Amino acid sequence: MVRASSVLWKFGPMVYLPTLLFSLGEGAVVPLIPVIAASRGATLASAGLIASALVVGQLCGNIPAGWLVSRVGERYTMVIAGVLSLIGVIAGALAPSLVVFTVAVFVVGMSAAAFGLARHAFMTTRVPLEFRARALSLLGGSFRAGMFVGPFLAAALLAVFHTENAALWFFSVCLVALVLLVLFGPDPEAQAAAADREPAEVEDTGEAVSGSIPTVERAGVFRTMWRNRGVLSRLGLAAASLSAVRSARQVVLPLWGVSIGLDASSIALVVGVSGAIDFALFYASGQVMDRFGRLWAALPAMVLMGLGFLTLSLTHDADTRVLWFGMIAAVLGVGNGLSSGILLTLGADVAPQSEPAAFLGSWRTLTDAGGAVAPLLFSGIAAISSLAIGAAAMGAIGILGAVGFLRFIPRFVPRRPLP
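Residue positions within a chain follow its written sequence, with the count starting from 1. Since the coordinates come from a predicted model, pLDDT governs what is reported: local features require at least 70, and pairs of side-chain atoms require 80 or more to be given and counted, while whole-chain, interface and lining totals use all residues. Side-chain figures throughout are based on the complete set of non-hydrogen atoms in the structure, without hydrogens or water.

Looking at the nonpolar core
The definition of a nonpolar core used throughout is a set of buried Ala, Val, Leu, Ile, Met, Phe, Trp, Tyr and Cys residues joined through side-chain atoms within 4.5 Å. Burial classes: relative accessible area under 20% of the type maximum marks a residue as buried, over 50% as exposed, and values in between as partly exposed (1.4 Å probe, protein chains only). Residues F101, L235, F325, F359, W363, M394 and F405 are the most contacted members of the largest nonpolar core, which totals 87 residues. Tallying contributions element by element places helix α11 (residues 229–259) first for this core, with twelve residues. Ignoring sequence-local partners within four residues, the contact set of F101 consists of I33, I36, A37, R40, I50, G92 and A95. Formed by eleven residues, the second largest nonpolar core is a distinct cluster that contains V15, M123, V127 and A348. Each helix corresponds to a stretch of at least 4 residues labelled H or I by DSSP, and each strand to a stretch of at least 2 residues labelled E; elements are numbered beginning at the N terminus. In this analysis, two residues are considered to be in contact whenever any of their non-hydrogen atoms come within 4.5 Å of each other.

Shown next, in the form of structure tokens:
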């Protein structure tokens, strides 16, 4: 039986370090995109639209990224994504107009989609099932670490250089390091292929490491989507609801804090504590999924977040609303932490092992769409009714997603005995 630590140690530097580099740079830049746009003449509304170009780019990039990984493999897809991101970031730093800056943000979003899918496809085909969830939770944790630390690095860069472009140049340095690491570091695809050619090692595992990532697309992206429409329209929609609730948390908590009269520092403290709880639990999610099954992490996470939003919606006018706000932010942090790696793991579980990239492009498009729509839905509901109704709607999505997971994870994710 292959030990999790040996495989993760073997592939870890080339799997997780590029992800950390990319997310560090992205985490430093993302909070400053609206600020940079506003400093170049954008109104508040148009600055928000420019920031949304990143999410739109990710949505548009997933399916082409699936095609690209199927054609050239995950290593060269990462290189291409890194180079395109570098071009986009430099263009953003030197952009002579808001249009060019918006296009640059869009390109970075598309590249982020390709980069993320390449990592996901590699882990899907190369990590044995008995510790797949832990490996993918670590992948998700690497991304979360970068997004968590990145804004603090951006603040330090602003303090030193007194310009928002410093974060863009920092992202550029991260991308150059990433491309050099991927090009000249050990190739995990080649290492894995060599391991496949060792008969004794394959026989001893019992849980064979799957074949190499295909370099020729057999069925095509859209044909793969059609063949797998059943799982995408059922389990995929439940996964999209999880992404929606996660994304809504990032919008609901700050707005709720403002609405109950908290100042910016208090809101930042509450949101920061919630994020710290979230980050602290990312590996626990993988342990639970590998030992007890995917449902044991997905269902509690969705129920916690769904009930958290529903409870929050009832506390706006309570005398203890500030206490409730802090408690529910912590609950949402626990729920989000328990869901770390779930979307990656479920996508890997149900992807066709012969050509996962095309399927994962569709899967990630669905989940990214859920994350993109949720803030818009919450804002729209809050605009025509109230924040409480909007929060309740997010809670309802969470409960419906829990029901979807309860029904469709046992149906589509193969059961296996405990190790």
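A look at the packing of aromatic side chains
Any two of the Phe, Tyr and Trp rings considered here, Trp counted by its six-membered ring, make a pair once their centres fall within 6.5 Å; the pair's planes then place it as stacked at under 30 degrees, edge-to-face at over 60, or tilted in between. Applying the stated rule across the entire model yields eight aromatic pairs. Considering the side-chain rings of F22 and F115, the 4.8 Å spacing of their centres and the 15° angle between planes classify their relative orientation as stacked. Taken as a pair, F22 in helix α1 (residues 4–29) and F115 in helix α5 (residues 98–126) lie far apart in primary sequence, 93 residues in all. The two residues F22 and F115 agree in class, both being buried. Note on F359 and W363: the rings are 6.2 Å apart at their centroids and 25° apart in plane angle, and the pair reads as stacked. Separated by four residues within a single helix, F359 and W363 lie in helix α17 (residues 356–384), roughly one turn from each other. Judged by its relative accessible area of 1%, W363 falls in the buried class.

Regarding the pattern of salt bridges
When a carboxyl oxygen of Asp or Glu is within 4 Å of a side-chain nitrogen of Lys or Arg, the pair counts as a salt bridge. Inspection of the entire model under this criterion finds seven salt bridges. Among the salt bridges present, the one from R119 reaches E74, with a minimum N-O distance of 2.2 Å. On the criterion of sequence distance, the pair formed by R119 in helix α5 and E74 in helix α4 (residues 74–94) is long-range, its members being 45 residues apart. The exposure class assigned to E74 is buried, which follows from its relative accessible area of 1%. Between D349 and R132 there is a salt bridge, with its nearest N and O atoms 2.8 Å apart. Taken together, the residues span a long stretch of sequence, with D349 in helix α16 (residues 342–350) and R132 in helix α6 (residues 132–161) at a distance of 217 residues. Neither D349 nor R132 differs from the other in exposure class; each is buried.

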